[in-house]
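# Structural characterization, general
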Amino acid sequence: MTRTVIVVDRELPTGLAANAAAVVALSLGAALPHLPGGDFTDAAGETHRGLIPFGLPVLGARPSEMARLRREAGEHRDVVVVDFPALGHTTNDYEEFQQRVAGSPAEELLYAGIGLHGPFPVVRELTRRLSLLRDGARRDPEPV
């Protein structure tokens, strides 16, 4: 039995937290194309793309917990780790983002989001101290 979770920096504004979860989910789906279930049809015959057929909790963590989680998850060869360094929120240029990450010592990287997929007991142990991401993260600034 496997477990898949997404962990987001709970201190991010709502929009950036949603972006981090979406980026990690898309990248997890690309890395693990077997995750979505089959397509399905509604009563009118309209086809809907397959969705992930099991729970996908989105958990919240403080930045220090995110760094710990990334480090510890990386020690497990049987866990797929997709991480989104927070530097990704500083530019829209992917090449520039890659260069910024390349110039950053691993121990100094902060993460906006992390996706994990692996054996249930391992992923559960890695994330047991975390809770569901709740509304209450800092808000995006009000438009002026």
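Conventions used here
- Residues numbered from 1 in each chain as written.
- Predicted model: local features only at pLDDT ≥ 70, side-chain atom pairs only at ≥ 80, totals over all residues.
- Heavy atoms only, no water.
- Helix = DSSP H or I, 4+ residues; strand = E, 2+ residues; numbered from the N terminus.
- Buried < 20%, exposed > 50% of the residue type's maximum accessible area, 1.4 Å probe, protein only.
- Patch = residues over 30% accessible without salt bridge, like charges linked within 9 Å, V, L, I, M, F, W, Y side chains within 5 Å.
- Areas by Shrake-Rupley, 256 points an atom, 1.4 Å probe, with all protein chains shown as cover.
- Salt bridge = Lys/Arg side-chain N within 4 Å of Asp/Glu carboxyl O.
- Core = buried A, V, L, I, M, F, W, Y, C linked by side-chain atoms within 4.5 Å.
- Contact = heavy atoms within 4.5 Å.
- Pairing = 2+ DSSP bridges.
- Phe/Tyr/Trp six-rings, centres within 6.5 Å; stacked < 30°, edge-to-face > 60°.
- Polar contact = N/O pair within 3.5 Å; in protein donor to acceptor, adjacent residues only side chain to side chain.
- pLDDT = per-residue confidence, 0-100.
- Axes fitted to C-alpha atoms, helices over the stretch in contact; angles between N-to-C directions.

## Regarding the environment of histidine 34
- Secondary-structure assignment places histidine 34 in the loop between helix 1 (14-31) and strand 2 (40-41).
- For histidine 34, a relative accessible area of 56% translates into the label exposed.
- Here the alpha-carbon distance between histidine 34 and isoleucine 52, two residues 18 residues apart in the chain, equals 9.3 Å.

## Some thoughts on a nonpolar patch on the surface
- Taken together, the side chains of Ile52, Phe54 and Leu56 define a hydrophobic patch exposed on the protein surface, amounting to about 210 Å² of accessible area.
- Inspection of the secondary structure assignment puts isoleucine 52 in the loop between strand 3 (47-48) and strand 4 (58-61).

## With respect to the nonpolar core
- Of all hydrophobic cores here, the largest spans 16 residues; its most connected members are Val7, Leu69 and Leu116.
- Elements that contribute at least two residues to this core include exactly strand 1 (2-9), strand 4, helix 2 (63-73), strand 6 (111-119) and helix 4 (120-127).
- Here leucine 69 is in contact with Val7, Ile114, Leu116, Leu126, Thr127 and Leu130, once residues within four sequence places are set aside.
- Judged by nonpolar contacts, the second largest core, of 13 residues, contains Val8, Ala20, Leu35 and Val82.

## Section: the pairing of strand 4
- In this structure, strand 1 lies alongside strand 4, joined through four bridges in parallel fashion. Its bridge partner lying in strand 4, aspartate 9 is registered against alanine 61.
- Bridge count for strand 4 against strand 7 (residues 131-132) is two bridges, and the pairing is antiparallel. The partner of leucine 59 across the bridge, within strand 7, is leucine 132.

## Considering the environment of proline 13
- With respect to the helices and strands, the residue proline 13 is situated in the loop between strand 1 and helix 1.
- Take proline 13: its relative accessible area is 14%, and that puts it in the buried class.

## Some points on the packing of aromatic side chains
- One pass over the full model with this rule turns up one aromatic pair.
- Geometrically, the ring pair formed by tyrosine 94 and phenylalanine 97 is tilted, given 5.7 Å between the ring centres and 45° between the ring planes. Taken together, the residues span about one helical turn, with tyrosine 94 and phenylalanine 97 both in helix 3 (residues 94-102) at a distance of three residues.
- Judged by relative accessible area, phenylalanine 97 falls into the buried class, the value being 12%.

## Some remarks on the side chain of histidine 117
- Tracing the backbone through its elements, the reader meets histidine 117 in strand 6.
- Side-chain polar atoms of histidine 117 contact the side chain of threonine 4, separated by 2.5 Å.
- What histidine 117 contacts, discounting residues up to four positions off in sequence, is Thr2, Arg3, Thr4, Leu32, His34, Leu35, Asp78, Val79, Val80 and Val123.

## Examining the confidence of the model for the chain
- Predicted confidence across the chain gives a mean pLDDT of 93, with 94% of residues reaching 70 or more.
- Contacts from residues 137-144, a stretch scored under 50 in pLDDT, to residues over four places away or in other chains number 11 contacts.

## Some points on the sheet that holds strand 6
- Within the open sheet, the five strands sit side by side as 5-6-1-4-7. Their pairing is mixed. Bordering the open sheet on either side are strand 5 (80-85) and strand 7, each of which pairs with just one other strand.
- This element, helix 1, spans strand 1, strand 5 and strand 6 of the sheet and lies at about 150° to strand 1.

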